[in-house]
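What follows is each chain in one-letter form.
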Amino acid sequence: MSAAEKSQPSDSPFSLVNPESEKSYRLFDGFKVGRVDGDLVLNDDTSVSSKHCVFKLAGNQLQIEDLGSRNGTFVNGRKIEANKPLLLHAGDKVEIGNATFRLHGPATEGTTELDRNENKGPEVQLASLMSQLESCVPNKAKPREGSVRLGEWKKPESLKPMPKAKK
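Only a predicted model underlies this, so the values are computations on that prediction, with no experimental measurement involved.

Quick look at the pattern of salt bridges
So, step 1. This model, assessed by the stated rule, comprises 2 salt bridges.
So, step 2. We note a salt bridge from lysine 56 to glutamate 65, for which the minimum N-O separation is 2.5 Å.
So, step 3. Using a relative accessible area of 33% as the deciding quantity, one classes lysine 56 as partly exposed.
So, step 4. By relative accessible area, which is 10% here, glutamate 65 ends up buried.
So, step 5. The shortest N-O distance in the salt bridge between glutamate 81 and lysine 84 comes to 3.9 Å.
So, step 6. What makes glutamate 81 exposed here is its relative accessible area of 53%.
So, step 7. Residue classification places lysine 84 among the partly exposed residues on the basis of a relative accessible area of 47%.

A few points about unusual backbone geometry
For residues that are not glycine, phi is negative in most cases, and the peptide bond is trans in most cases.
So, step 1. Its identity is not glycine, yet glutamate 22 carries a phi of approximately 65 degrees, on the positive side.
So, step 2. Relative to the helices and strands, glutamate 22 is located in the loop between strand S2 (15–17) and strand S3 (24–26).
So, step 3. Note on glutamate 22: relative accessible area 67%, which makes it exposed.
So, step 4. The backbone phi angle of asparagine 76 is positive, close to 55 degrees, even though this residue is not glycine.
So, step 5. As for its placement among the helices and strands, asparagine 76 is situated in the loop between strand S8 (73–75) and strand S9 (78–79).

Calculation notes
Residues numbered from 1 in each chain as written. Predicted model: local features only at pLDDT ≥ 70, side-chain atom pairs only at ≥ 80, totals over all residues. Heavy atoms only, no water. Salt bridge = Lys/Arg side-chain N within 4 Å of Asp/Glu carboxyl O. Buried < 20%, exposed > 50% of the residue type's maximum accessible area, 1.4 Å probe, protein only. Helix = DSSP H or I, 4+ residues; strand = E, 2+ residues; numbered from the N terminus.

Below, the structure written as structure tokens:
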């Protein structure tokens, strides 16, 4: 990934870290990402729009806003709505084009991504957990022979619901 970064003084507690290159980008209010112009320019990634997204900082809270990009901006594997700021938390995975970043910064009231999803149902919780697990495994890691990748398990037809207990 070829990236140009403008130097900008910042006392922001937040930074974007690219796990592959281990490069870190200090975020500040109005930090823009794009292919042509911005504080972080991803000029060799054609899936990044010229003006892709912006980070907004207010105290210890950070938001990301997709600027109507062609391919979208993803947070924790979910595409965010264009032109609608989304609150970010330390540990969130941010995908801009083909680049993946982790957000580093202060914990938000002691919550984790799993805590924030606890009332959203088991499918969201599982997707969140899978996203966190996948971020721990190198991209080039291959599963061992006979192993099952997360998300590929299918319920065998032979499994039937258990009968209800009699009172």
